[in-house]
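An overview of the molecular structure
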Amino acid sequence: MKQILLITDGCSNVGVSPVVAAAQAHAEGIAVNVVGVLDQGDLGEFGSAEIEEIARAGGGLSRLAHTRQLSQTVQMLTRKTVVQTIQHAVHRELKQVLGASSIEELPPEKRGEVVRVMDELSETSKLRVALLIDASASMKPKLAAVEEAIRDLALSLQARQGRSEIAVFHFPGSAHGDECLLDLDWTTDVRGVHQFLPRLQMRGTTPTGPAILRVVDHFRAPAPRSYRNPDETDGQMSDYVV
């Protein structure tokens, strides 16, 4: 299962629409979750609407959160999208195999077994989460909350039974026109995953759409061999594909 988790506090203003970019991600099997970070101000009507539209186009979830709630919100969205993805896959299988379009249509004993399997898959399925962080100037006061959220998310992923990998990007990448930069490539080692944040220079425009497409490109690239699942070999698939 693949996710992009976008953390932002404002509206995109450069490049391709982030809604179009999120739809492209969703078409390639990548869910896009969006957390809108609030402080004492407000994102504004346009920013809030854009956040919802990005998540909807990306097949993910969106939430607005104050800085003090950011850590819990990030973890909750990640977990809920895992469950949602598994539920959709199970519903498709039920319809094909049994002609049932929902779990509720199953007999009670079958329904309980399906729910048990779904709970197990939520904990054991392989998961990749790409954190995409808005590093525009307005995010600077919120950086400490973002750092805490990343640290707690990494620990939450580490606690799962299944293999979890995380990568981290930020945008804008630099003052020289880079729209998005990779800070941490795919890894299961969460130690120090947040340590790059104090070095970020918060500035520039908000190229959210191009940044999402950059992360999609990274998902397409072959994983470094050192990060491959030991249960996988070239040309073979694992037991579960969600």
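Shown above is the structure to which this text applies.
What counts and what doesn't
Residues numbered from 1 in each chain as written. Predicted model: local features only at pLDDT ≥ 70, side-chain atom pairs only at ≥ 80, totals over all residues. Heavy atoms only, no water. Helix = DSSP H or I, 4+ residues; strand = E, 2+ residues; numbered from the N terminus. Buried < 20%, exposed > 50% of the residue type's maximum accessible area, 1.4 Å probe, protein only. Contact = heavy atoms within 4.5 Å. Areas by Shrake-Rupley, 256 points an atom, 1.4 Å probe, with all protein chains shown as cover. Salt bridge = Lys/Arg side-chain N within 4 Å of Asp/Glu carboxyl O. Core = buried A, V, L, I, M, F, W, Y, C linked by side-chain atoms within 4.5 Å. Phe/Tyr/Trp six-rings, centres within 6.5 Å; stacked < 30°, edge-to-face > 60°. Lys NZ or Arg CZ within 6 Å of the ring centre and 35° of its normal. Expected span 1.5 Å × (residues − 1). Pairing = 2+ DSSP bridges. Axes fitted to C-alpha atoms, helices over the stretch in contact; angles between N-to-C directions. Polar contact = N/O pair within 3.5 Å; in protein donor to acceptor, adjacent residues only side chain to side chain.

**A word on the overall build of the protein**
- A count of helices and strands for the protein gives six helices and six strands.
- For the protein, with 242 residues in total, the buried portion stands at 47%.
- Taking all contacts inside the protein whose residues are at least 6 apart in sequence as the whole, residues at least 24 apart take part in 78%.
- Accessible area of the protein: about 12100 Å², with a carbon and sulfur share of 50%.

**Notes on the pattern of salt bridges**
- For the structure on display, the rule yields six salt bridges.
- We note a salt bridge from R220 to D217, for which the minimum N-O separation is 2.2 Å. Pair noted here: R220 and D217 are both in helix α6 (residues 208-220), with a separation of three residues, about one helical turn.

**What about the nonpolar core?**
- The biggest cluster of nonpolar side chains holds 40 residues, and the ones touching the most others in it are L5, L70, V74, L131, V146, L153 and L197.
- Looking at this core, the elements that each hand over two or more residues are β1 (2-8), β2 (30-38), α3 (70-97), α4 (108-124), β4 (127-134), α5 (143-159) and β5 (164-171).
- Here this core takes eight residues from α5, the largest share from any one element.
- In this structure, A21, V34, L132 and I212 belong to the second largest nonpolar core, which totals 24 residues.

**A closer look at unusual backbone geometry**
- With omega at -5°, the peptide bond leading from F171 into P172 counts as cis.
- With respect to the helices, strands and loops of the structure, P172 is situated in the loop between β5 and β6 (181-187).

**So, the packing of aromatic side chains**
- Applying the stated rule across the entire model yields one aromatic pair.
- Between the aromatic rings of W186 and F219, the centroid separation amounts to 5.0 Å while the plane-to-plane angle is 55°, which identifies the pairing as tilted. Remark: F219 occurs in helix α6 and W186 occurs in strand β6; sequence separation between them is 33 residues.
- When its relative accessible area of 8% is taken as the criterion, F219 is described as buried.
- Residue placement shows R128 over the ring face of W186; its charged tip is 4.4 Å from the ring centre.

**A closer look at α6**
- In this model α6 runs 19 Å from its N-terminal to its C-terminal C-alpha over 13 residues, within 8% of the 18 Å that 1.5 Å per residue would give.
- Along α6, the residues classified as buried are T208, G209, P210, A211, I212, V215, V216, H218 and F219.

**Comments concerning the sheet that holds β4**
- With mixed pairing, six strands are arranged side by side in an open sheet as β3-β2-β1-β4-β5-β6. Edge positions in the sheet fall to β3 (62-66) and β6, since each of these pairs with one other strand and no more. This sheet shows a mean twist of 15° between the axes of neighbouring strands, independent of strand direction.
- Sheet topology places β2 next to β3; five bridges connect them, and they run parallel. Residue pairing for β3: V34 is matched across the bridge by S62.

**Some thoughts on the environment of D9**
- Residue position: D9 is located in the loop between β1 and α1 (18-27).
- Residues D9 and L38, spaced 29 residues apart in sequence, show a C-alpha to C-alpha distance of 6.5 Å.
- Of the polar contacts made by the side chain of D9, one reaches the side chain of K142; its length is 3.0 Å.

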